[in-house]
Amino acid sequence: MLNKKSVDDINVKGKRVLVRCDFNVPLQDGKITDENRLVAALPTIKKLINDGGKVILCSHLGKPKGEPKPELSLAPVAVRLSELLGQEVKFAADNEVVGPNAKAAVEAMQDGEVILLENTRYRKEETKNEDEFSKDLASLADVFVNDAFGTAHRAHCSNVGVTKYVDTAVVGYLMQKEIDFLGNAVNNPERPFVAILGGSKVSSKISVINNLLDKVDTLIIGGGMAYTFAKCQGHEIGTSLVENDYLDYAKEMIEKAKNKGVNLLLPIDTVVAKEFSNDAAFRVVEGDMEADEMGLDIGPKTRELFANALADAKTVVWNGPMGVFEMSNFANGTIAVAKALADIDATTIIGGGDSAAAVNILGFGDKMTHISTGGGASLEFLEGKELPGVVAANDK
Ligand code: AMP
């Protein structure tokens, strides 16, 4: 259990409550295309409204790099959030985020009202965690609540710096839920405990592999990461993704798995093509590829191997797709793993980012126990790192 004060430990009646949410949602032509993060933020917001707080929401959106960018304004989020809450969320348009407009809007608030500030990354101090913006944010609030799990692995003004200048800093329900699910899975899993890693880069998941080998019964590796492992074992991988700087590391991990008695499963067949395109002709290869071929998905035997390894699992954590799931010809590996997870009686936890998107796009979202709202944050948590956004909240 998370040993941090939460919204259940404070009384916000009549107080100004600044809530850091993760409203970093994908937008297309001003429309929100995936609103999971908004829905996930509702329980904390509703609790604070019901308790009679003046609820001031803030978040970043995309990477405006320290200056106002109208296409990255949070205005559309305020509109959709109002609908989801069934109550107006006033948008405090203000290019300084905490400038005259935002201050006046907060000044005029009644108990139980909600406003949303402009994109915190309009301010250049935000991602550098510099005091001036932290103080500005704190000046609006009596109490600070951090519910932005997706940003918890970063130390920025709006989740870490601000806590220096308020008396009370607690976590929200989403933050608690994310840490409880991931923490229980990693530190107290019902066994067999299986982790599945995929995606494109070994280097970004390097410490995760190492840390998970100390915890899991089975580690499954698929996706673009797998070819570095295939190459280090002497296989021809053609033009597949590879990280040559990590060949020794991959060998070490294979050795570590042996020594620990962890069942490390790597692909035994691969769907390959000569071009990175859904229109390219493809075939299934066992063993070595031709020099001009690249691996784009796990093959049918591997799908079966992985599904069998998952059949009796009781806890599963999954981060990273098994192939280029964005292209239908190379989505079958990711679909097979999603299906296997949907069918088993286990706690299934999907790390955020691409794996969450894949599970949702493929229609298995409601079959999973927990889909994390944080890609980078859940990965760093699985690496065993402390998350600065969590550390900064008051201890119980
Ligand atoms: P990551 O951000 O590391 O989780 O990687 C996710 C991305 O990895 C997705 O966009 C996938 O298309 C990509 N990916 C998965 N398998 C492969 C592969 N075999 N070759 C190239 N890209 C891949």
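Since the model is a prediction, treat every value here as computed from it, not as a measurement.

Go over the packing of aromatic side chains with me, naming the residues and quoting the values.
All chains considered together, the criterion is met by two aromatic pairs. Here the aromatic rings of Y246 and Y249 are separated by 6.4 Å at their centres, their planes lie at 90°, and the arrangement is edge-to-face. On the basis of relative accessibility, which here comes to 13%, the residue Y249 falls in the buried class.

Can you break down the nonpolar core residue by residue, with the values?
Core analysis: the largest hydrophobic core is formed by 43 residues, its most contacted members being I209, L219, I221 and F229. Elements with a minimum of two residues in this core: helix 5 (173-187), strand 9 (193-197), helix 6 (206-213), strand 10 (218-221), helix 7 (226-232), helix 8 (247-260) and helix 12 (375-382). For this core, the element with the highest residue contribution is helix 8, accounting for six residues. Filtering out sequence-adjacent residues up to four positions away, F229 remains in contact with I209, I221, A250, M253, I254 and L266.

Residue-level account of the sheet that holds strand 12 (residues 270-273), with values.
Across a sheet, paired strands are connected by hydrogen bonds in the backbone, their directions being either parallel or antiparallel. Taking strand neighbours across the sheet as the criterion, the three strands line up as 13-12-14 in an open arrangement whose pairing is antiparallel. The sheet is open, and its two borders are formed by strand 13 (282-285) and strand 14 (294-298), each paired with just one other strand. The sheet shows a mean angle of 40° between the axes of neighbouring strands, taken without regard to direction. Pairing between strand 12 and strand 13: four bridges, direction antiparallel. Considered in strand 13, the bridge of T270 is made with V285. Against the sheet, helix 9 (residues 300-310) touches strand 12, strand 13 and strand 14, its axis set at about 40° to strand 14.

Report on the site of the ligand, specifying residues and quantitative values.
Inspection of the region around the ligand gives 16 residues, with S200, K205, G295, E326 and D354 positioned closest. One of the backbone nitrogen or oxygen atoms of G224 is found 3.1 Å away from a nitrogen atom of the ligand. Out of a free accessible area of 510 Å², the ligand has 82% covered by protein chains.

Residues and numbers for the environment of V337, please.
Here V337 lies in helix 10 (residues 332-343). Remark: the alpha-carbon pair of V337 and F306, spanning 31 residues in sequence, is separated by 7.2 Å. Dropping the residues within four chain positions of it, V337 is found in contact with I196, F306, L310, W318 and M322.

Mind laying out the environment of A169, listing which residues take part and the relevant values?
Along the chain, A169 falls in strand 8 (residues 168-171). Between the alpha carbons of A169 and V7 there is a distance of 9.4 Å; along the sequence they are 162 residues apart. Those residues in contact with A169, other than ones at most four positions away along the chain, are F144, T163, A392, A393 and N394.

Mind laying out the sheet that holds strand 15 (residues 315-319), listing which residues take part and the relevant values?
Read from one edge of the open sheet, six strands run 11-10-9-15-16-17, paired in parallel fashion. Of all strands in the sheet, those with a lone pairing partner are strand 11 (263-265) and strand 17 (370-371), marking the two edges. Running over the sheet, helix 10 touches strand 9, strand 15 and strand 16 (347-350) and is turned about 155° from strand 15.

Reading the values: rules and limits
- Residues numbered from 1 in each chain as written.
- Predicted model: local features only at pLDDT ≥ 70, side-chain atom pairs only at ≥ 80, totals over all residues.
- Heavy atoms only, no water.
- Phe/Tyr/Trp six-rings, centres within 6.5 Å; stacked < 30°, edge-to-face > 60°.
- Buried < 20%, exposed > 50% of the residue type's maximum accessible area, 1.4 Å probe, protein only.
- Core = buried A, V, L, I, M, F, W, Y, C linked by side-chain atoms within 4.5 Å.
- Helix = DSSP H or I, 4+ residues; strand = E, 2+ residues; numbered from the N terminus.
- Contact = heavy atoms within 4.5 Å.
- Pairing = 2+ DSSP bridges.
- Axes fitted to C-alpha atoms, helices over the stretch in contact; angles between N-to-C directions.
- Near = heavy atom within 4 Å.
- Polar contact = N/O pair within 3.5 Å; in protein donor to acceptor, adjacent residues only side chain to side chain.
- Areas by Shrake-Rupley, 256 points an atom, 1.4 Å probe, with all protein chains shown as cover.

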